[in-house]
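Take a look at the letters that make up each chain.
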Amino acid sequence: METRGLRIKPRKYFSVQRIAVLAALTAMSHVGRLLFQFIPNVQPMTTILLLIALVMGTVDGLVVALLSLLLSNMFLGMGPWTMSQFIAFTVVILVTGCLRPVYRSSRLKPLLKRGLFIAFAFLTGLLYGFVISIIDTRLFGIANFWVYYLQGLSFDLLHAAGNAAFFLILEPILVPLIKKHSGLSFN
């Protein structure tokens, strides 16, 4: 490719290695979502997506979110809620992407950073539920948003607590694996 005398080497974003890592993370998200169906709203999927967005970037997080949702909703039930789930995960991943420089920074002490991101994982459960509620009240013609939202708050708190617990467990395991196998260079 040549532009005004400059030679630009095309960058291959999705290498075979990266696609393999994204496929493995998609499978992990899908299986995790199915395994924890016995506890309402507690599943590792959101935490896995947070870690992908923090380590690999928002595009990779969105790819895995879409594929995981489509795959797991084929088993759990596909409907108009699938689109609201994807929109809610998109909001969560975009917010997480904004915090990526903080996560990758070496300025914060590791224990403090870990605590902050466990708290952030908790808050993303609440954010996800809030976005879902906004979309669902519009989608299904529900008159009173706050009544609808507050009725589902206990489920959002379960989601939030699950996110924090899974972040505590998965972050020290999954992040080194992603870094090792993704083929990305890290500081």
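Above this note sits the structure.
Described in the following lines is the structure provided in the data block. Only a predicted model underlies this, so the values are computations on that prediction, with no experimental measurement involved.

This part covers the overall build of the protein. The secondary structure content of the protein amounts to 8 helices and 2 strands. When the helices and strands of the protein are listed from N to C terminus, the series reads β-β-α-α-α-α-α-α-α-α. For 187 residues, the compact-globule formula gives about 16 Å, and the C-alpha radius of gyration of the protein, at 18 Å, lands near that figure. Overall, the protein is about 60 × 40 × 30 Å in size when its C-alpha atoms are taken along their principal axes. For the protein, with 187 residues in total, the buried portion stands at 40%. Taking the intrachain contacts of the protein between residues at least 6 apart in sequence as the baseline, contacts between residues at least 24 apart amount to 73%.

Bringing unusual backbone geometry into the picture now. Non-glycine residue Asn41 carries a positive phi angle of around 65 degrees. Within the element layout of this structure, Asn41 appears in the loop between helix 1 (16-35) and helix 2 (45-55).

This paragraph deals with the pattern of salt bridges. Per the counting criterion, the structure on display carries 2 salt bridges. Arg18 serves as the salt-bridge partner of Asp60, at 2.5 Å between the closest nitrogen and oxygen. Here Asp60 is found in helix 3 (residues 58-76), whereas its partner Arg18 is found in helix 1, with 42 residues between them in sequence. Note on Asp60: relative accessible area 0%, which makes it buried. Overall, Arg18 belongs to the buried group, its relative accessible area being 6%. Between Glu171 and Arg114 there is a salt bridge whose closest N-O contact spans 2.5 Å.

Over its 30 residues, helix 6 (residues 110-139) runs 42 Å from end to end, which matches the ideal 44 Å to within 8%, given 1.5 Å per residue. Gly141 lies just past helix 6 and shows a positive phi near 65 degrees.

Turning to the packing of helix 1 against helix 3, a few remarks are in order. Packing of helix 1 against helix 3 brings their axes to within 9 Å, and their N-to-C directions diverge by 40 degrees. Taken together, the axes of helix 1 and helix 3 are oblique relative to one another. Of the two possible hands of crossing, helix 1 and helix 3 adopt the one that is right-handed. Within the contact between the two elements, helix 1 uses Arg18, Leu22, Leu25, Thr26, Ser29, His30, Arg33 and Leu34 and helix 3 uses Asp60, Val63, Val64, Leu67, Ser68, Leu69, Leu71, Ser72, Asn73, Phe75 and Leu76. Looking at the contact of helix 1 with helix 3 residue by residue, the class counts come to 10 nonpolar, 6 polar and 3 charged.

Mapped onto the elements of the fold, Ser29 is located in helix 1. Of the residues examined, Ser29 reaches a relative accessible area of 0% and is grouped as buried. Not counting residues up to four positions away in its chain, the partners in contact with Ser29 are Met45, Ile48, Leu49, Val64 and Ser68.

Our focus in this paragraph is the packing of helix 4 (residues 80-98) against helix 6. At their nearest, the axes of helix 4 and helix 6 sit 9 Å apart, and the two run at 140 degrees to each other. The orientation of helix 4 with respect to helix 6, classified from their angle, is oblique. Like other packed secondary-structure pairs, helix 4 and helix 6 cross with a definite hand, here right-handed. Residues Pro80, Ser84, Gln85, Ile87, Ala88, Phe89, Val91, Val92, Val95 and Thr96 of helix 4 form the contact with helix 6, whose own contacting residues are Phe120, Thr124, Leu127, Tyr128, Val131, Ile132, Ile135, Asp136 and Leu139.

Before going further, it helps to spend a moment on the nonpolar core. Formed by 37 residues in total, the largest nonpolar core has its most connected members in Leu25, Leu49, Met56, Tyr103 and Phe167. Elements supplying a minimum of two residues to this core: helix 1, helix 2, helix 3, helix 4, helix 6 and helix 8 (153-181). Sequence-distant contacts of Leu49, defined by excluding residues within four places in its chain, comprise Ser29, Gly61, Val64, Ala65, Phe89 and Ile93.

What counts, and where the lines are drawn
Residues numbered from 1 in each chain as written. Predicted model: local features only at pLDDT ≥ 70, side-chain atom pairs only at ≥ 80, totals over all residues. Heavy atoms only, no water. Helix = DSSP H or I, 4+ residues; strand = E, 2+ residues; numbered from the N terminus. Rg over C-alpha atoms; globule rule 2.2 N^0.38 Å. Buried < 20%, exposed > 50% of the residue type's maximum accessible area, 1.4 Å probe, protein only. Contact = heavy atoms within 4.5 Å. Salt bridge = Lys/Arg side-chain N within 4 Å of Asp/Glu carboxyl O. Expected span 1.5 Å × (residues − 1). Axes fitted to C-alpha atoms, helices over the stretch in contact; angles between N-to-C directions. Parallel < 35°, antiparallel > 145°, perpendicular 65-115°, else oblique. Left-handed = near helix turned anticlockwise from the far one by under 90°. Nonpolar A, V, L, I, M, F, W, Y, C, P; charged D, E, K, R; others polar. Core = buried A, V, L, I, M, F, W, Y, C linked by side-chain atoms within 4.5 Å.

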